[in-house]
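# Structure at a glance
Listed below, chain by chain, are the residues.
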Amino acid sequence: MGDWLKWALVTVVQFVIGKRFYVAAGRALRNGSTNMDVLVVVGTTACYVYSVYALLYGAISGFWSPTYFETSAMLITFVLLGEYLETLATGKTSDAIRKLVELTPVPTRFCRSEMRYTTGKCGGVIGQREIDALLIQPGDVLKVPGAKVPVDGVVTWGSNHVNKSMVTGESVLVLKEVNSVVIGGTINLHGSCHDPKSN
């Protein structure tokens, strides 16, 4: 490919596709700082300006020096490709975090922290009501009848089998009895209700 055609094509890449780098670099320099955009602009502009000078000098004097138009275009292309891949990775990470958040159950039934279990029942229960898991406080006594465990805690009454596969990958149900530690997001299955106390 001739140097004149390279100049025409790379000019489009440098100043149309690469315009965002110039805008971002100008903004950074106005704020008295430098960033990757400044580095890209300095590197690609140096290649472009030198190549234009070498091409015009060769046309005038007949002494042709090598040009580096393709270097400028490749730098801009690779940086933009890297940013695109970074955006894809960030999007996948956000989806993974969102799915993890969805593992945490929202509603649960609970007894207030001043209530105590005596002989397998809540002593001095004022009442039970359904609340959002985000409102659970340390020390609250929770009732989890066959549902997702809302928070990490300790079983204070009853026993049950818990499915921990969503958190630990274990496919076998694990028996949880009094004083057993339970993990938020696991599923309470097969057995009598157990009542984890949030930490």
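Residues numbered from 1 in each chain as written. Predicted model: local features only at pLDDT ≥ 70, side-chain atom pairs only at ≥ 80, totals over all residues. Heavy atoms only, no water.

### As for the environment of threonine 168
- Relative to the elements of secondary structure, threonine 168 occurs in helix H5 (residues 165-168).
- Remark: the alpha-carbon pair of threonine 168 and threonine 186, spanning 18 residues in sequence, is separated by 9.1 Å. (Helix = DSSP H or I, 4+ residues; strand = E, 2+ residues; numbered from the N terminus.)

### Description of the pattern of salt bridges
- Evaluation of the coordinates by the stated rule reveals two salt bridges.
- A salt bridge links glutamate 70 to lysine 6; the shortest N-O distance between them is 3.7 Å. Linking glutamate 70 in helix H4 (residues 69-102) with lysine 6 in helix H1 (residues 3-17), this pair joins segments that are 64 residues apart in sequence.
- With a shortest N-O distance of 3.0 Å, glutamate 83 and arginine 20 are connected by a salt bridge. Here arginine 20 lies in helix H2 (residues 19-30) and glutamate 83 lies in helix H4, a separation of 63 residues in the sequence.
- With a relative accessible area of 40%, arginine 20 lands in the partly exposed category. (Salt bridge = Lys/Arg side-chain N within 4 Å of Asp/Glu carboxyl O. Buried < 20%, exposed > 50% of the residue type's maximum accessible area, 1.4 Å probe, protein only.)

### Some remarks on the nonpolar core
- The biggest cluster of nonpolar side chains holds 15 residues, and the ones touching the most others in it are Val10, Phe21, Tyr48 and Phe69.
- Every element with two or more residues in this core is listed here: H1, H2, helix H3 (36-61) and H4.
- Here phenylalanine 69 is in contact with Asp3, Lys6, Trp7, Val10, Tyr48, Ser51, Val52 and Leu55, once residues within four sequence places are set aside.
- With six residues, the next largest nonpolar core counts Ile136, Val144, Val155 and Val182 among its residues. (Core = buried A, V, L, I, M, F, W, Y, C linked by side-chain atoms within 4.5 Å. Contact = heavy atoms within 4.5 Å.)

### With respect to the sheet that holds strand E8 (residues 174-176)
- Spatially, E8-E7-E10 is the arrangement adopted by the three strands of the open sheet, whose pairing is antiparallel. Across the chains shown, the open sheet's two edge strands, defined by having one partner strand only, are E8 and strand E10 (187-189). Mean inter-strand twist for the sheet, computed between neighbouring axes without regard to direction, equals 40 degrees. (Pairing = 2+ DSSP bridges. Axes fitted to C-alpha atoms, helices over the stretch in contact; angles between N-to-C directions.)

### Topic: the UniProt feature "transmembrane region" (unreviewed entry) in the protein
- Sequence positions flagged by UniProt for "transmembrane region" (unreviewed entry) are, in local numbering, residues 6-26 and 38-60.
- Its end C-alpha atoms 26 Å apart, residues 6-26 is made of 95% helix and 0% strand. (UniProt positions renumbered as here; feature names shortened; annotations may be inferred.)

### A word on the packing of aromatic side chains
- Applying the stated criterion across every chain, the model contains six aromatic pairs.
- Ring geometry for tryptophan 4 and tryptophan 7: centres 5.9 Å apart, planes at 45 degrees, overall tilted. Note that tryptophan 4 and tryptophan 7 are positioned in helix H1 at a spacing of three residues, about one turn of the helix.
- Note on tryptophan 4: relative accessible area 45%, which makes it partly exposed.
- Considering the side-chain rings of phenylalanine 15 and tyrosine 48, the 5.1 Å spacing of their centres and the 85 degrees angle between planes classify their relative orientation as edge-to-face. (Phe/Tyr/Trp six-rings, centres within 6.5 Å; stacked < 30°, edge-to-face > 60°.)

### Concerning H3
- A rise of 1.5 Å per residue sets the reference length of H3, with its 26 residues, at 38 Å; its end C-alpha atoms lie 37 Å apart and thus fit the reference within 8%.
- Within the sequence span of H3, burial applies to Asp37, Val38, Val40, Val41, Thr44, Cys47, Tyr48, Ser51, Val52, Ala54, Leu55 and Gly58.
- Structurally, the start of H3 carries an N-cap: the backbone nitrogen of aspartate 37 is 3.1 Å from a side-chain oxygen of asparagine 35.
- Glycine 62 lies just past H3 and shows a positive phi near 85 degrees. (Expected span 1.5 Å × (residues − 1). Polar contact = N/O pair within 3.5 Å; in protein donor to acceptor, adjacent residues only side chain to side chain.)

### As for the pairing of strand E7 (residues 160-163)
- Pairing of E7 with E8 involves three bridges; the strand directions are antiparallel. Paired with asparagine 160 across the bridge in E8 is lysine 176.
- Sheet analysis places E7 next to E10, joined by three bridges and oriented antiparallel. Looking at E10, one finds that asparagine 163 is bridged to isoleucine 187.

### Looking at unusual backbone geometry
- A positive phi angle, near 75 degrees, is found at asparagine 179, a position not held by glycine.
- Residue placement: asparagine 179 occurs in the loop between E8 and strand E9 (181-182).

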